[in-house]
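Geometric and topological summary
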Amino acid sequence: MRDVAIVAFAQTAHRRRTDELSEVDLLMPVLHEVLGATGLKANEIGFTCSGSADYLAGRAFSFTMALDGVGAHPPISESHVEMDGAWALYEAWVKIQTGEADTALVYSYGKSSPGRVRDVLTRQLDPYYLAPLWPDSVALAALQAQALIDAGATDEGALAAVAARNRTAAAGNPHAQLAGDVPAGDYLVHPLRTGDCPPIGDGAAAVVLAAGDTARALCARPAWIRGIDHRIEAHGLGVRDLTDSPSARLAAERAGAFERPVDTAELHAPFTSQEVVLRQALRLGDDVRVNPSGGALAANPVMAAGLIRLGEAAARIHRGESDRALAHATSGPCLQQNLVAVLEGESAHA
Amino acid sequence: MSDVLSAPLVVEFPFTRSLGPVQSAFLTGLRERTVLGVRTEDGTVLVPPVEYDPVTANEIRDLVEVAPTGTVTTWAWNPAPRRDQPLGTPFAWVLVRLDGAATALLHVLDAPGPDAVRAGMRVRIRWAATRTGAITDIACFEPYDGEPDDSEPAPHTGEFTDPVTGIVTPARLDYVHTPGRAQSAYLTALEDHRMVGERCPACRKVYVPPRGACPTCGVATAEQVEVGPRGTVTTFCIVNIKAKNLDIEVPYVYAHIALDGADLALHGRIAGIPYDQVRMGLRVEPVWAGAGQGSRHPDHYRPTGEPDADYDTYKELV
C-alpha cells in the first residue's frame, strides 16, 4: 500500500441560496484555493474526481459544466461519482494506490436551493416499493429517531443537546450556515423538530491528495489516510435494525479505527438521531472531540457534506490540533451507506 | 433587483419499469388483495419480497401469503403531508410487520394524531378502491384491534390471471433554475438581438455562450465581448429525420458557426440556401425568431452573400 495523504482542503461559505452563482462559479474559488495551497497547477494534477447529483440541479450531466473550472483541456484524467465527494475521494485514493497517479484533485458540490431537497431525495429510493409513496428524507430520519427513542437509546432532550453542541461548535467555523443558539422549533416530522434537521443550502468543497514524498513536499504536516473503507446495508428499511449501523462499524473496523483511540471524529450525521447511532457504532467515548466544525447540522451542502468531514478532519491534523482523527461520510436513507477514514499526522505514526 | 435570471423548471417522467417474477407476483397480489412474501433458505419470510436472498444472494422464489394485518415496529408523525404522499391529511409513516412476516413494510397509517400511534400497535391494510398492481394499492394502514395471527404463512404459487409485468411511476419535481451571472448576461443580451461572449483573462479566448469559466485555463471569465452577428460555418451536417413536434422540413442543415470575434463555434440551423449548397467557410448571419416565437434566439442563420472565408481563418475552430 502507498502512503497517501490529504494535503489541502477548501470549502465555500455555505449559504441558503446562491442564485447568482452557477455550479462552476460556486466551485472555482475552492479549486483555486486548494491548488494555491499546494502550489500545484491544474495540469500537474495526476487524477481528478468529483461527486455531485444531477437531481439537485434537475439537469442531466450537470457535472460536465463544472469541469470547466478545473481546466479540462488539454485532456486530463478525470472521473465522476453520482454520490457525495467522499466516495470520489475513495476512487481517487484507489487510483493513487494503483500507481497511475501521485496526486489527485477531489471536489464536490451541491446546490439544494433550486428544488425541494426533501422531495428530490425520494428519487434515490427503491422505485417499486418506496419511491411511489414519496417518503421524504426527514420522514425516514424520523422513523430512525423514533426507533431509537423506543429502544431507550435517546430522548428528545438528548437530541436537542446534540444539536446545541454541534451548533455551538460551529460558531468557530466561518463556513457554517447555521451556528450558535438555534431554536428547537416545531416538529417537522415527529419526533424530529426543525432543530434536529440540517440546514438546506448550497456549497462546495475540494481536497488534494498526494502520495509519499510528494505529500511531504506539498504540505508541512500531511494528514495521512491510514485506512479507508466503505460499506452498505440493505435498502429496505424494514429489514434493518435502524437503531444500529453495522455498515459504519464494519467500515471503521476495516479502516483500522479501533486499533488505537482517535482524538477527533468528524461525523456526517445530518440529523441529531444519526449522531446517536454513529457514536455507538463507532465506539466514540466522551473523550473524543466530535464535530468540532459543527458537522452537517451546521452546514449540509448535499453531495459535499461528506467530503467536508474528511477535509475538516484533515485540516485539524494540518494545524496540529489532532494527531489521529476519524472521518465519516454517509449516503442513502437512515445511514444506509457509510465510509470511514482514519487520518493521522506524521508524529502520531512515529 | 438582481440581474440574474430565473425560471421555473419542471422535470417530469413517467418511469416505466419491468418487474421480475417476485415483484410481479407481489404487486399483482396487491391488486387482488393478497399480500405475498418470499421465504429465504433459512425460513425467514420477507415482506415486501425480493428476488435474491439478502444474506446468501441466492435466487429465491418460494412465495407465501401473509395476513393483511400487522404490527407497527416504528413510526413518525407527519403533520404536513407533501404533494404525492399517500394521504392528504396528517398521517403517520409506519414500518409494519405483517402477521407471518419477519421484516417490515414502509407505508402510511391513517390515525387521528401522534398520541394514537405507538410501536406495537395493531394495524390492518385499507385497500385502495381502484387497484392497478402497485404499492399504492394499499391506500394506507388503519388501526385494528385483532390479535396477531401466529399461524404459518400458506404457500402460494404467485400465479394470477392477467399478471402485472410492469409499472409506470410518474415522478414530477419542481425547480427554479438560475443560470448564474454569465449565462444571464448572455440571455439578456439576446433580447436586444446581441450576442455576448466572455474573454478569458489568461488565454484571451472569447467563449460564446459564456459559462463563466475558461475550460482550458480553469479560471473565471468576466470581460464581456460582443461577437457576430456574422459568422462562418466551420462544419455542418444534413438532417434527414424529422424531429417530433418540430415544424422544420427535412432535409435541413445543422451547422457549427464561428461568430466573428468568437473563439468557439456555436450551433444553429442554416436556411435561405438549398441544403446541398451549404459548405464549410460559408458566411452567415442570424435571422431572429419573430414575435411570439421567443425572440431570445436566432431562429436560423442565412448566407450573407460575402465570399467564403479562407480555411486558415477558422481552422482552429473546426
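These lines cover the structure that appears in this document, whether it is placed above or below. (Residues numbered from 1 in each chain as written. Chains lettered and ligands numbered in written order. Predicted model: local features only at pLDDT ≥ 70, side-chain atom pairs only at ≥ 80, totals over all residues. Heavy atoms only, no water.)

What follows covers the overall build of chain A. Secondary structure summary: chain A contains twelve helices and twelve strands in total. Taking 350 residues into account, the globule formula puts the C-alpha radius of gyration at 20 Å, and chain A, at 19 Å, falls close to it. Put simply, chain A has 350 residues, and 65% of those count as buried. Taken as a whole, chain A presents about 11700 Å² of accessible surface, with 52% of it coming from carbon and sulfur. Mean positive and mean negative side-chain charge positions of chain A (29 and 42 charges, respectively) differ by 1 Å. (Helix = DSSP H or I, 4+ residues; strand = E, 2+ residues; numbered from the N terminus. Rg over C-alpha atoms; globule rule 2.2 N^0.38 Å. Buried < 20%, exposed > 50% of the residue type's maximum accessible area, 1.4 Å probe, protein only. Areas by Shrake-Rupley, 256 points an atom, 1.4 Å probe, with all protein chains shown as cover. Lys, Arg positive; Asp, Glu negative; His and termini not counted. Charge placed at Lys NZ, Arg CZ, Asp CG, Glu CD.)

Time to look at the sheet that holds strand 3 (residues 45-46) of chain B. Residues and elements named next belong to chain B. The four strands lie next to each other as 3-2-4-10, forming an open sheet whose pairing is antiparallel. Edge strands, defined here as strands with exactly one partner in the open sheet, are strand 3 and strand 10 (154-155). Examined bridge by bridge, strand 4 (residues 63-66) and strand 10 share two bridges and lie antiparallel to one another. Of the residues in strand 10, the one forming a bridge with Val 64 is Pro 155. (Pairing = 2+ DSSP bridges.)

The next thing to look at is the layout of surface pockets. Residue and element names in this part refer to chain A. Space inside the largest pocket adds up to approximately 700 Å³. What lines the largest pocket is a set of 40 residues, and nearest its centre among them are Leu 121, Ser 137, Pro 270, Phe 271 and Asn 300. Contributions of two or more residues to the lining of the largest pocket are made by helix 5 (117-120), helix 6 (137-150) and strand 11 (324-331). It is helix 6 that contributes the most residues to the lining of the largest pocket, four residues altogether. (1 Å grid on protein atoms, 1.4 Å probe; cavity = no way out; pocket = protein on both sides within 12 Å on 5 of 7 lines; lining within 4 Å. Points joined across faces, edges and corners; volume = space filled by probe spheres on them.)

The subject of this paragraph is the pairing of strand 8 (residues 122-127) of chain B. Residues and elements named next belong to chain B. Bridge count for strand 5 (residues 69-78) against strand 8 is three bridges, and the pairing is antiparallel. When the bridges of strand 8 are listed, Thr 71 appears paired with Arg 122. Bridge count for strand 8 against strand 9 (residues 138-143) is five bridges, and the pairing is antiparallel. Following the sheet pairing, Arg 124 is matched in strand 9 by Glu 142.

All names here are of chain A. With 14 residues, helix 7 (residues 156-169) ought to run about 20 Å at 1.5 Å a step, and its terminal C-alpha atoms sit 20 Å apart, in line with that. All of the buried residues in helix 7 are Leu 159, Val 162, Ala 163, Asn 166 and Arg 167. End-on, the buried residues of helix 7 take up no more than an arc of 120 degrees, which puts them together on one face. Packing partners of the buried residues in helix 7 comprise strand 6 (192-193) and helix 10 (272-281). Two to three positions downstream of the cap, the backbone nitrogen of Gly 157 sits 3.1 Å from a side-chain oxygen, assigning the N-cap of helix 7 to Asp 155. (Expected span 1.5 Å × (residues − 1). Arc of directions from axis to C-beta. Contact = heavy atoms within 4.5 Å. Polar contact = N/O pair within 3.5 Å; in protein donor to acceptor, adjacent residues only side chain to side chain.)

Residue and element names in this part refer to chain B. Taken in spatial order, the three strands make up an open sheet running 13-12-16, and their pairing is antiparallel. The open sheet has two edge strands, strand 13 (206-207) and strand 16 (223-227), and neither has a second partner. Of the pairings in the sheet, the one linking strand 12 (residues 195-199) to strand 13 comprises two bridges and is antiparallel in character. Paired with Arg 199 across the bridge in strand 13 is Val 206. Strands strand 12 and strand 16 of the sheet are contacted by helix 2 (residues 180-191), whose axis makes an angle of about 150 degrees with strand 12. (Axes fitted to C-alpha atoms, helices over the stretch in contact; angles between N-to-C directions.)

What follows deals with the packing of helix 6 of chain A against helix 10 of chain A. All names here are of chain A. Orientation of helix 6 relative to helix 10, taken along the N-to-C sense of each, is 55 degrees, at an axis distance of 9 Å. On the basis of their axis angle, the class for helix 6 and helix 10 is oblique. In the packing of helix 6 onto helix 10, the handedness of the crossing is left-handed. Counting all contacts with helix 6, which are made through Ala 141, Gln 144, Ala 145 and Leu 148, the residues of helix 10 involved are Ser 273, Gln 274, Val 276 and Val 277. Grouping the amino acids of the contact of helix 6 with helix 10 by side-chain chemistry returns five nonpolar, three polar and no charged. (Parallel < 35°, antiparallel > 145°, perpendicular 65-115°, else oblique. Left-handed = near helix turned anticlockwise from the far one by under 90°. Nonpolar A, V, L, I, M, F, W, Y, C, P; charged D, E, K, R; others polar.)

Let us look at a nonpolar patch on the surface. A contiguous nonpolar surface patch, about 530 Å² in accessible area, is contributed by Phe236(B), Ile238(B), Tyr275(B), Met280(B), Tyr311(B) and Val318(B). Position of Phe236(B) among the secondary structure elements: in strand 17 (residues 231-239). (Patch = residues over 30% accessible without salt bridge, like charges linked within 9 Å, V, L, I, M, F, W, Y side chains within 5 Å. Salt bridge = Lys/Arg side-chain N within 4 Å of Asp/Glu carboxyl O.)

Another point: the nonpolar core. Ranked by size, the top nonpolar core spans 81 residues in total, and within it Leu282(A), Phe26(B), Val35(B), Trp93(B), Leu109(B) and Phe141(B) carry the most contacts. The dominant element in this core, judged by the number of residues it contributes, is helix 6 of chain A, at nine residues. Discounting residues that sit within four places of it in the chain, Phe141(B) has contacts with Val96(B), Leu98(B), Leu105(B), His107(B), Val108(B), Leu109(B), Asp110(B), Val123(B), Arg124(B), Ile125(B) and Arg126(B). Counting 38 residues, the second largest nonpolar core, distinct from the first, contains Ile96(A), Val106(A), Ala211(A) and Ala315(A). (Core = buried A, V, L, I, M, F, W, Y, C linked by side-chain atoms within 4.5 Å.)

The next thing to look at is the environment of Thr28(B). All names here are of chain B. Relative to the helices and strands, Thr 28 resides in helix 1 (residues 21-31). Beyond its immediate stretch of four places on either side in the chain, Thr 28 contacts Phe 160, Asp 162, Pro 163 and Val 164. There is a polar contact of 2.6 Å between the side chain of Thr 28 and the backbone oxygen of Ser 24.

Often, the extent of an interface is quoted as the loss of accessible area upon association of its parts. Residue-level contacts link 52 residues of chain A with 58 residues of chain B. Interface area, chain A with chain B, both sides summed: about 4600 Å², of which 62% is carbon and sulfur. The largest per-residue losses of area from chain A upon contact with chain B belong to Tyr128(A), Tyr129(A) and Leu133(A), which jointly make up 19% of the total buried on that side. Applying the counting rule to chain A against chain B returns three salt bridges. Residue Arg211(B) pairs with Asp68(A) through a salt bridge whose shortest N-O separation is 2.7 Å. Counting across the chain A and chain B interface gives 17 residue pairs in polar contact (both at pLDDT 80 or more). Elements with a contribution of two residues or more to the side of chain A that touches chain B: helix 1 (23-38), helix 2 (54-57), helix 5, helix 6 and strand 5 (187-189) of chain A. With seven residues, the top contributor of residues to the side of chain A that touches chain B is helix 6 of chain A. Among the residues making up the side of chain A that touches chain B, the classes are represented as 30 nonpolar, ten polar and twelve charged. (Buried area = accessible area lost by both parts, 1.4 Å probe.)

All right, on to helix 10 of chain A then. Residue and element names in this part refer to chain A. Across the ten residues of helix 10, eight count as buried, placing the element largely inside the fold. Within helix 10 the residues assigned to the buried category are Thr 272, Ser 273, Gln 274, Glu 275, Val 276, Val 277, Leu 278 and Ala 281. Two residues or fewer after helix 10 comes Arg 283, characterised by a positive phi angle close to 55 degrees.

What follows deals with the packing of helix 7 of chain A against helix 10 of chain A. Residues and elements named next belong to chain A. With their axes 8 Å apart at the nearest point, helix 7 and helix 10 run at an angle of 95 degrees to one another. What the angle tells us is that helix 7 and helix 10 run roughly perpendicular. Residues Leu 159, Val 162, Ala 163, Arg 165 and Asn 166 of helix 7 touch helix 10, and the partners they reach there are Thr 272, Ser 273, Glu 275, Val 276 and Arg 279. Partitioning the contact of helix 7 with helix 10 into residue classes produces four nonpolar, three polar and three charged.

Let us look at unusual backbone geometry. Cis geometry marks the peptide bond from Val47(B) to Pro48(B); its omega dihedral reads 5 degrees. Tracing the backbone shows Pro48(B) in the loop between strand 3 and strand 4. In this structure, Pro229(B) follows Gly228(B) across a cis peptide bond, with omega equal to 5 degrees. Relative to the helices and strands, Pro229(B) resides in the loop between strand 16 and strand 17. A positive phi angle, near 50 degrees, is found at Cys334(A), a position not held by glycine. The phi torsion at Ala57(B) lies on the positive side, around 65 degrees, for a residue other than glycine. Examined against the element boundaries, Ala57(B) turns out to sit in the loop between strand 3 and strand 4. Accessibility expressed as a relative area gives 53% for Ala57(B), which makes it exposed.

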